[in-house]
Each structure stands twice: as C-alpha cells, then as structure tokens.
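If you want the building blocks of each chain, they are given just below.
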Amino acid sequence: MIRKLIYIIYIGVFFPMIAGAQINTDRVMAIGKNALYFEDYVLSIQYFNQVINAKPYLAEPYFYRGLAKLNLDDFQGAEADCTESIERNPYVPNTYQVRGIARIQQENYTGAIQDYEKALTFDPENTSLWHNLALSRMRSEDYAEAKADLDTLIRIAPRYIDAYLMRTEVSLKQKDTLQAMSDADKAIEMDRYNADTWASRGMLFLQRNKYADAESDLTEAIRLSVRNAGMYINRALARYYQNNLRGAMSDYDLALDIDKNNFIGHYNRGLLRAQVGDDNRAIEDFDFVLQIEPDNMMAVFNRGLLRDRTGDYAGAISDYATVLEEYPNFLAGYQYRAEARKKTGDLKGASQDEMKVLQAQLDAQNGKTSQQTASADKTRKKSDKNMNNFRKIVVADNEDERSKYKTDYRGRVQDRNITILPQPMFVLSYYERPDEVKHQINYSKYIDDLNNRRVLPHQLLITNNEASLTEGQVKQHFASIDDITEKIVKEPDNALHYFARALDFYLVQDFDNALEDLDRTIEKDNAFFPAYFMRAMIHYKQLEYRKRDANYEIEQSQEKTLQVRALDYAMVRDDLDEVIRLAPDFAYAYYNRGNIYAVMKDYRSALVDYNKAVELDSRFSDAYFNRGLTNVFLGNNSEGVQDLSKAGELGIFSAYSVLKRFTTMKEED
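Residues numbered from 1 in each chain as written. Predicted model: local features only at pLDDT ≥ 70, side-chain atom pairs only at ≥ 80, totals over all residues. Heavy atoms only, no water.

The secondary structure content of the protein chain amounts to 31 helices and four strands. Across the 669 residues in the protein chain, those meeting the buried criterion constitute 55%. For the protein chain, the accessible surface area stands at approximately 30000 Å², while carbon and sulfur atoms represent 47% of it. (Helix = DSSP H or I, 4+ residues; strand = E, 2+ residues; numbered from the N terminus. Buried < 20%, exposed > 50% of the residue type's maximum accessible area, 1.4 Å probe, protein only. Areas by Shrake-Rupley, 256 points an atom, 1.4 Å probe, with all protein chains shown as cover.)

Here it is as structure tokens:
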C-alpha cells in the first residue's frame, strides 16, 4: 500500500526500554514513527501516548499522533493534537498542513485557509501548501482567490500538472470555458500518460455537450487506468447522451465489476436495463440501491414499475404506496397504482386513485394548485427530489465529485499514477490484509508443518500484504512477550521460544529486540531457515526506513536519501542466501532476493531469481509482475509484456495500467 502522508526520519539505534515510569522517550518516539511509517496507526498512537505522558512539553509526539489519527479518520482528534503541537512549536509548516487537512475533512474551510496561509509564511514555495490552499478556497466557493493562488502555484512550479487541472475546474465555475480548455490541453501536452489529464478534459467536453469527444478522451483515460470505476461511469454518461444504451450498460457493468457498491452504477444500469426490457435484472439493481438507501423514493418507484411489468402487482402496489406516503401530490404514482389495483380486482381502490388524479387536474386548471413537472434535461442530480424526474439517469452532485484526483488534498495521497512500484517483499506474519481481487495462496510445506505442530501462538502466514494491528491485537502481543519471556527462563535453549518472541517484537514494530531474538534463534538452531528469512526482512525494512529523511515532512519532494550502501543490502542478501541453501524449494526467498538485486541495480541477477521463483510456483503473480518490470527495464519488451499480462491475469490489476502506458509509449516511439 502506498505510504501515506510521511517519510519518517531515521533515529539511530534503538535502546532497551526502561521498565517502570521512566522510559527512553527517544527510543519510544523512534518505534512510534516506525509503526506510523508501516501504517500501524493504532500501535503508533500508543507509543506517542507514552512520550506525551513522560514529556508533555514536546511538540513532536503531538504532531505524529495527530498524523496517525488523521489516517484513522479521527479528524477532530487530529486537529486537537496539531493544535497542541503548534502551541509548543509554532514554526513547523507541516503541522499547519496536517491540521488544515483535518479541518477540510470537517468542512472548516476558513480554518484550513488560515492554516495554509500561515504555513506559507514559513515555506512560500511549497507546492503542497499552495495546492491545498487553492482547493480550500474552491470548497468555500471563493473562485477568484482560488484562481489567483493557482496562478501563483503555476509560476512557482510550471510543470505541476494538478495546478492546471484545478484551474480548469475553477475556470468552469467562472464560466470561462476557453481558459478551462486551454488548461486541459496543456495538462495533456505535459503528461499524455496520466489518466487524470484525459479524464479532466473528457469531463470538460461532457459539460460542453461534446459527447463524442468526451467519450474519446475518457476511453484514453481508461486505457491508462483500467481499474478506475468512476471513468467508466462518466464514459457511460457520454455514451448515453449519444443514445448508445448498450455501450453505456457495458460501462456500468465494468464499473460495478471494479466497485460493486457503486450507487450510480446500479441505479443507472437499472434504468437502462428497464429501457431494453431486461426487467428482472433491473429489479435486482434497484433492490441493491435500496439496500444502500432504503428511503430512495425514485428507486422505490422504478422498482414498482418493473414489478408491475413482471406481474408482481402486489409488490408494485406496495412500492407505489410507499412513494405516495412520502409524496402525496405525485399524480403519476396514483395513475400507476390505479392501473395495478385494477389488475388485482381492487376496483374501489383504483377508483379512489383515479378520483385523486382528476381532482388534482381540476384544481390545477382552476389555479388552486400548481403541479411539479419533469425538467427538460436527460439527467438529474443525485440530490434531485422531483419525483417527476424518476426516469432520468443520475449524475453525481458537485460535492460527490470530490473524490476526483484533481480535487485531492496533497498530503493525503501520493504516488498515484506517477511511479510504477514493484510488488513488495514477503514476510512471515500472523496477519494479512484481505484482498477481494487477488486470491493467491502462499504455501510452504515447511511452514504448514510448523503450523500443524502448534508451537507458535498463532498460524504463521506468508504474505506481502501485511495488516495493521488493532488495539486488542497490540495488547495481546505485548502480553505474549511477557509470557514467552517466562518460557525462555524455563527453557533457555528452545529456539522456537526466541523466534515466537521475535515475531511479537516485529509485530509491535520493535525491530531491534526482534533482531536480537532472531540472532538467538539462529544460535540455538542454525538450520531454522524462517529465522534467517525474517532477519533479512527486518534488516531490509530498517534500510528502507533509513532512506527516508523528512522530519515533519509529508511531501516526497522533500526526501533526502541517507547513506545506505550496497554493503547494507548485501547483508540482507546473505541471509536470503542462507535460506535458499537450507530450503531450496522456498520460492519466496528467491523472490525477495530478486527484489534485493533489483534495489542493488543488479537486474540480470534479479531475473535469475524471479525465473526460479516462477519455476517453483507457476502462479506466483508477484514474481511475474516484478520480472515483467525488470524485463522492460532491460529492453526485453516482449518478455516484459508477457509477464505483466500474466500478472494481471493472476489478479494484480495494476499490471494492466503499466501495460497500457508502456504500449502507448511504444506506439508513439
């Protein structure tokens, strides 16, 4: 998962924790930052709490605790912690940055603007701050000031594509379509391989009723970002306006394959299915919509119409009644219910409904009441409550469009379409983040046998998709450390006790103690390869941690690489060499060593290891992906494309995005 918000500063060597009330706050801060870097937010908060309790006058732990809370969507808590940090040290611009984001999430745009203006007095050329300031002004509908901020941002960073995309949106709000189109064109000219530039211009064409052009641009955006549901939803709208109902339905199908809970996808597909006579499946879509929004009367009424058409008159009458209870002046509801009642033999009820319609029509003719009518548009906003628009395709309200990339707040999302990253290292852990798409089973007979012996507190997993610990799990592993320590006192030569405690230390991000226990494991049993495997991975994580130097920084542009030498990675490789010597059929050791060779820029050795990993496991999707990237880098384009295709087939869908970008670049060359 992409690292959010921060690259952590490396804090030397971890010192032993002092029991009791006195703690080594430098060491605890270091472990807390480490946990934050590896996205264990709940755990990191517990470490920062210790530092705050010991030294409440420090600004830094409040800042980092606020950052952790922000990632847990505790926006009020994040704001409060940043305020505490600012009271102790008002000269750190990124504290204002994080508090600004927390305020934005609470729709306190005035407060966010104040934070960004203050931060810019310390760092006047920070693109992230200008980005968020402009977006905050856009949210507060101060478009003139937002445009002025974006003009400044473009002067500071003339190659900053997001600024052009945002200015496109501001220009549209100001009805300046010429400037909007100029900025959209400029963004594409600067980066033709960024899906968001094409999507932005596609939406601009859509708003200008140039539906064929919109479809063309959105198709290109989809080529570059094949797993983005929103782009299919928008292209469906362009196709709908061109009366290409089948094409629009196909796009809704694709969008819902990616995002099965997409409200607009289900609602609009239900309408289109109804238009082409696919009534039963249309009912399924509206059933789904009503699971999400049971009080959505438009969906209830459309389902009633479909039930009526499929002969479920009782169900139809029930739906009509629900709508009429909410909208007693909705005449079409009485008309349809009257017809349904006739079909069930309820002539009295039908007559009452018809009289209701007749009376309303007479009142309207006599000027006693005015009836609401449908709008002339082919679509309606999601928030539109005019029941007469029940047949119209839904489009998002303006506030629902905040998830679009050009309106993201910098500091919340990084590395979007820009950097193509290899698949990460595998580790041994008790926890794994669920993945609904990728269903690779990571198996080793030795690890399976180890689990069957029940010598460890939990089932050991082989994963490169680690899950953050919950508060309960954190407490459990701290308690487990104490329990295993007692076992070690009784059985000091049992290697598995040291290994089990090492895993506990690893899971609470205490890497130094974990490494010490792994060393002892190997001293007790030098043929136990999982200890070498985990020691290699912890050393690797420490090296990655050391390479990031951004005290209070969130933007990768501030990154400064410390001295991490090839010799350091060689130490990791040596442990993996030992794993391979002891367990030559353990595919994950070859894969990890391939990654290490790639980091050391020894790409041909990396290929050899990826080849071996795939030979041992023909469905090793991560190995195909990384081998594909390595082949492309070495100019082995055919092999690279084949590997990336296989990785996508096996569930790594980002491979398709890489393929699209690579093949597009090849065509232009």
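With that settled, consider helix H15 (residues 263-275). In this model, H15 (13 residues) spans 19 Å end to end at C-alpha, consistent with the 18 Å of a helix rising 1.5 Å per residue. With respect to burial, H15 is a largely interior element, twelve of its 13 residues being buried. Phe263, Ile264, Gly265, His266, Tyr267, Asn268, Arg269, Gly270, Leu271, Leu272, Arg273 and Ala274 are the residues of H15 that are buried. For H15, the elements touching its buried residues are helix H13 (229-241), helix H14 (245-258), helix H16 (279-292), helix H17 (297-309), strand S1 (379-381) and strand S2 (393-395). Between the side-chain oxygen of the N-cap and the backbone nitrogen of Ile264 there are 3.2 Å, and the N-cap of H15 in question is Asn262. (Expected span 1.5 Å × (residues − 1). Contact = heavy atoms within 4.5 Å. Polar contact = N/O pair within 3.5 Å; in protein donor to acceptor, adjacent residues only side chain to side chain.)

Moving on, we get to the packing of aromatic side chains. For any pair of aromatic rings, the description consists of the separation of the ring centres together with the inter-plane angle of the planes. Applying the stated criterion across every chain yields a total of 34 aromatic pairs. Ring geometry for Phe499 and Phe528: centres 5.0 Å apart, planes at 85°, overall edge-to-face. Of this pair, Phe499 sits in helix H23 (residues 495-507) while Phe528 sits in the loop between helix H24 (511-524) and helix H25 (529-546), and the two are 29 residues apart along the sequence. Like Phe528, Phe499 is buried. Here Tyr540 and Tyr569 contribute two aromatic rings whose centre-to-centre distance is 6.5 Å and whose plane-to-plane angle is 50°, an arrangement assigned as tilted. One end of the pair, Tyr540, is in helix H25; the other, Tyr569, is in helix H26 (residues 566-582), with 29 residues separating them in the sequence. (Phe/Tyr/Trp six-rings, centres within 6.5 Å; stacked < 30°, edge-to-face > 60°.)

What follows deals with unusual backbone geometry. In this structure, Glu107 takes a positive phi of about 60° despite not being glycine. With respect to the helices and strands, Glu107 occurs in the loop between helix H5 (93-105) and helix H6 (109-122). In the Ramachandran plot, Asn243 falls in the positive-phi region, its phi being about 65° despite a non-glycine side chain.

Okay, the packing of H25 against helix H27 (residues 587-599) next. Each pair of packed helices can be summarised by the angle the axes make with each other and by the distance between the axes. Packing of H25 against H27 leaves a shortest axis separation of 12 Å and a crossing angle of 25°. Between H25 and H27, the crossing angle belongs to the class labelled roughly parallel. For the crossing formed where H25 meets H27, the hand is left-handed. Note on element contacts: H27 touches H25 through Tyr588, Ala589, Asn592 and Ile596, opposite Phe533, Met537 and Tyr540. (Axes fitted to C-alpha atoms, helices over the stretch in contact; angles between N-to-C directions. Parallel < 35°, antiparallel > 145°, perpendicular 65-115°, else oblique. Left-handed = near helix turned anticlockwise from the far one by under 90°.)

For Arg269, the position within the fold is in helix H15. Of note is the side chain of Arg269, whose polar atom sits 2.9 Å from the side chain of Asp285. Discounting chain neighbours no more than four positions away, the residues touching Arg269 are Met249, Tyr252, Asp253, Leu256, Ile264 and Asp285.

With that out of the way, let us pick up a nonpolar patch on the surface. Taken together, the side chains of Met355, Leu358 and Leu362 define a hydrophobic patch exposed on the protein surface, amounting to about 270 Å² of accessible area. Mapped onto the secondary structure, Leu362 falls in helix H20 (residues 347-365). (Patch = residues over 30% accessible without salt bridge, like charges linked within 9 Å, V, L, I, M, F, W, Y side chains within 5 Å. Salt bridge = Lys/Arg side-chain N within 4 Å of Asp/Glu carboxyl O.)

Right, let's get into the environment of Val427. By the secondary structure assignment, Val427 is in strand S3 (residues 427-429). In this structure the C-alpha to C-alpha distance between Val427 and Ala536, which are 109 residues apart in sequence, comes to 9.4 Å. If sequence neighbours within four positions are ignored, Val427 has contacts with Leu461, Ile462, Thr463, Glu466, Tyr506, Phe533, Met534 and Met537.

Before going further, it helps to spend a moment on the nonpolar core. The biggest cluster of nonpolar side chains holds 128 residues, and the ones touching the most others in it are Leu460, Phe499, Phe533 and Phe586. Among the elements that make up this core, the one with the highest residue count is H25 (eleven residues). Those residues in contact with Phe533, other than ones at most four positions away along the chain, are Phe426, Val427, Leu428, Leu576, Val579, Phe586, Tyr588, Ala589 and Asn592. Residues Ala221, Ile222, Ala282 and Phe286 belong to the second largest nonpolar core, which totals 65 residues. (Core = buried A, V, L, I, M, F, W, Y, C linked by side-chain atoms within 4.5 Å.)

All chains considered together, the criterion is met by 51 salt bridges. Here Asp81 makes a salt bridge to Lys69, at a shortest N to O gap of 3.1 Å. Within this pair, whereas Asp81 is found in helix H4 (residues 75-88), its partner Lys69 is found in helix H3 (residues 60-71), the two being separated by twelve residues in sequence. You can call Asp81 buried: its relative accessible area is 3%. Judged by its relative accessible area of 16%, Lys69 is buried. In this structure, Asp253 engages Arg269 in a salt bridge whose closest nitrogen and oxygen atoms are separated by 2.8 Å. Here Asp253 is found in helix H14, whereas its partner Arg269 is found in helix H15, with 16 residues between them in sequence. Exposure remark for Arg269: the relative accessible area of 11% places this residue in the buried category.

Moving on, we get to H24. With 14 residues, H24 ought to run about 20 Å at 1.5 Å a step, and its terminal C-alpha atoms sit 20 Å apart, in line with that. Looking only at H24, the buried set comprises Phe511, Ala514, Leu515, Asp517, Leu518, Thr521 and Ile522. What you see down the axis of H24 is that its buried residues fit within an arc of 165°, all on one side. The inward-facing, buried residues of H24 abut helix H1 (25-37), H23 and H25. (Arc of directions from axis to C-beta.)

Turning our attention to the confidence of the model for the protein chain. Mean pLDDT over the protein chain stands at 86; residues scoring 70 or higher make up 87%. Note on residues 399-418: pLDDT is under 50 here. Beyond four places in sequence and across chains, it has 65 contacts. The low-confidence segment residues 549-563 (pLDDT under 50) makes 51 contacts with residues lying over four places distant or belonging to another chain. (pLDDT = per-residue confidence, 0-100.)

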